[in-house]
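# Breakdown of the fold
As a plain string of letters, each chain reads:
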Amino acid sequence: LQLVPSFPSDSHVLLWLNEGKGDFRDVSTRLALGKTEWSWDPRPRFADVNGDKSLDIVLGYSRTWTSTTQRQLRVFLNNGKGQFKELPNAGPMKLGDFLTCAFLDADADGDLDIATYSHTSLTVLLNNGKGMFTPSKNKLPGSQLRRVEILPVDIERDGDIDLVLLGHAWPLGVSVVYLNNGKGALSPAPGTPLPGSLKYLFTARLAELTGDGIPDIAGFSYYTDLSGKTRVLPVVWRGDGKGRFFDLKLQSPAPPDSIVSNMATADVDGDKDIDILWTNQDVENTDFGRVRVLENLGKGRFALSKKAPIGSPAPWRSRLAVADFDGDKRADLLLLD
């Protein structure tokens, strides 16, 4: 297990290896990063990019202000023992204003490619099987999104990986679905960008929420009521398996004047359907930073849980993660302030 926190101010990366009993040893010097650059999204990505069954590290940079030779995409290969060595010239020199990236096998050749997003374009970088990435000819225009997530998923259930972009460009949010032709060429799905309540989308996740095995979208949308107060409305869009999504028009508003700082999806009540969790970042509300739960009642129906909010108030709570930390097959929560 590698634990890698990163800091957006200077894209500094630290690496700890787990000794096997929960004791972590700092081996950050093994990365040999040298001079690092600034990034909108400094999170290291882990994937086996050269097919040797060891997790490698990919870093993306938004700017290369201090260097004219450093590439915006850097790949560090793992020798299987936690020793990393940078693969020279692994990625393109320029990626525009890099915002984020995600792994997928875009061309179905058995290795992991990378989809990168900037303000100006969505680009698929094809892997030669050894960790060397070159841009595909299929380059799509960007949508001026900022808080953007690239989510690889087989929307059409046809065996190839499509992409969903969920993003935020204040004051508007946009969700775009790109369908894959099986050869790595992407094209916008019918009806995207998604209209309706996702127009003001701030944050969202993909999850199977309606029991039909097809990916849906859960998120939070902003609107202003007649009194001028900002309201947050949970939204669920049901997927049809063909790249189209339909608003279920939930009527369960969050507390007024909330700012959703993070969200997650998980089965928290053990009924085998996926619920929606979120934290707010409203310092004027005594419940700021506490976790709220939108329970999935089945068949596209949701209701605010009477057992929430969870946890103690905390300003600027920035991260919410859900996992089974103690092996009891129940969803536990990790909150970062």
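For the structure, see preceding data.
From a predicted model like this one, the values you see are computed outputs, not experimental measurements. (Residues numbered from 1 in each chain as written. Predicted model: local features only at pLDDT ≥ 70, side-chain atom pairs only at ≥ 80, totals over all residues. Heavy atoms only, no water.)

### Quick word on the overall build of the chain
Note the following rule: Only DSSP runs of H or I reaching four residues or more are called helices, and only runs of E reaching two or more are called strands; each is numbered from the N terminus. Categorising residues by exposure relies on relative accessible area from a 1.4 Å probe, with only protein chains included: less than 20% of the type maximum marks a residue as buried, more than 50% marks it as exposed, and the intermediate range marks it as partly exposed. Contact between two residues is taken to exist if any of their heavy atoms lie within 4.5 Å; hydrogens are not considered.
Scanning the chain from N- to C-terminus turns up zero helices and 27 strands. Burial statistics for the chain: of 337 residues in total, 50% are counted as buried. By sequence separation, contacts in the chain at least 24 residues apart represent 41% of the contacts at least 6 residues apart.

### Remarks on the sheet that holds strand β9 (residues 84–86)
Short version of the rule: Paired strands, in this sense, are two strands between which DSSP finds at least two bridges. The axes are straight lines fitted to the C-alpha atoms, using for helices just the contacting stretch, and the angles between their N-to-C directions are given from 0 to 180°.
If you trace the four strands from one edge of the open sheet to the other, you get β6-β7-β8-β9, paired in antiparallel fashion. The open sheet terminates on both sides in strands that have one partner only, identified here as β6 (45–47) and β9. Direction aside, neighbouring strands of the sheet carry axes that sit 25 degrees apart on average. Of the pairings in the sheet, the one linking β6 to strand β7 (residues 56–60) comprises three bridges and is antiparallel in character. In the strand pairing of β7, Arg45 is matched with Val58.

### Some remarks on the layout of surface pockets
We count it as follows: Definitions used for this entry: grid spacing 1 Å over protein atoms alone; cavity, a set of points where a 1.4 Å probe fits but cannot get out; pocket, an open set with protein on both sides within 12 Å along at least 5 of 7 lines; lining residue, one with an atom within 4 Å of a point. Grid points are joined across faces, edges and corners, and a volume is the space filled by probe spheres set on the points. When residue character is reported, Ala, Val, Leu, Ile, Met, Phe, Trp, Tyr, Cys and Pro are called nonpolar, Asp, Glu, Lys and Arg charged, and the others, Gly included, polar.
As a volume, the second largest pocket reaches approximately 200 Å³. Lining the second largest pocket we find Val268, Asp269, Leu277, Val293, Glu295, Ser305, Lys307, Ala308, Ile310, Ala331 and Leu333. Its residues assigned to classes, the lining of the second largest pocket comprises seven nonpolar, one polar and three charged.

### So, the packing of aromatic side chains
Test applied: Ring pairs shown here join Phe, Tyr and Trp side chains whose ring centres sit within 6.5 Å, with only the six-membered ring taken for Trp; geometry is labelled stacked below 30 degrees between planes, edge-to-face above 60, and tilted in between.
Applying the stated criterion across every chain, the model contains one aromatic pair. With a centroid separation of 4.8 Å and 50 degrees between ring planes, the pair formed by Phe220 and Trp278 is classed as tilted. Here the residue Phe220 occupies a position in strand β19 (residues 216–224), and Trp278 occupies one in strand β23 (residues 275–280), the gap between them amounting to 58 residues.

### Concerning the nonpolar core
As a reminder, the rule being used: Put simply, a nonpolar core is a bunch of buried Ala, Val, Leu, Ile, Met, Phe, Trp, Tyr and Cys residues held in one set by side-chain atoms that sit within 4.5 Å of each other.
Among the nonpolar cores identified, the biggest contains 16 residues, and Tyr117, Leu122, Ile150, Leu163, Leu165, Tyr178 and Leu186 are the most heavily contacted of them. At the level of secondary structure, the elements contributing two or more residues to this core comprise β10 (98–104), β11 (113–118), β12 (121–127), β15 (162–169) and β16 (172–180). Element by element, the count of residues in this core is highest for β10, at three residues.

### A look at the pairing of strand β24 (residues 291–298)
One face of the sheet, then the other: side chains in a regular strand alternate in exactly this way. Most of β24 sits out of view: six of its eight residues are buried. Strand direction decides the pairing type here: β23 and β24, joined by four bridges, are antiparallel. By the bridge assignment, Ile276 is partnered in β24 with Leu294.

### A few points about the pattern of salt bridges
Selection rule: By convention in these notes, a salt bridge is any Lys or Arg side-chain nitrogen within 4 Å of a carboxyl oxygen on Asp or Glu.
Under the definition given, this model contains four salt bridges. Between Glu86 and Arg74 there is a salt bridge whose closest N-O contact spans 2.8 Å. Taken as a pair, Glu86 in strand β9 and Arg74 in strand β8 (residues 73–78) lie far apart in primary sequence, 12 residues in all. Taking the relative accessible area as the measure of exposure, Arg74 reaches 5% and is therefore buried. Across the pair Arg244 and Asp240 runs a salt bridge whose closest N-O atoms are separated by 2.8 Å.

### Let's talk about the pairing of β23
Most of β23 sits inside the fold, with six of its six residues counted as buried. Neither face of β23 is left uncovered, since the one carrying Asp275, Leu277 and Thr279 and the one carrying Ile276, Trp278 and Asn280 both have all their residues buried. Where strand β22 (residues 260–266) and β23 come together, six bridges link them in antiparallel fashion. In the sheet register, Ala264 faces β23, and the bridge partner there is Leu277.

### A word on the environment of Thr265
Tracing the backbone shows Thr265 in strand β22. C-alpha of Thr265 to C-alpha of Ala218: the two residues are 47 residues apart in sequence and 8.3 Å apart in space. Setting aside its immediate chain neighbours within four residues, Thr265 contacts Arg205, Leu206, Ala207, Ala218, Ile274, Asp275, Ile276 and Leu277.

### Brief notes about the sheet that holds β23
Strand order in the open sheet made by the four strands is β22-β23-β24-β25, with antiparallel pairing throughout. Every interior strand has two partners, whereas the edge strands, β22 and β25 (301–304), have only one. On average, each strand axis in the sheet is tilted by 25 degrees relative to the strand beside it, whichever way the strands run.

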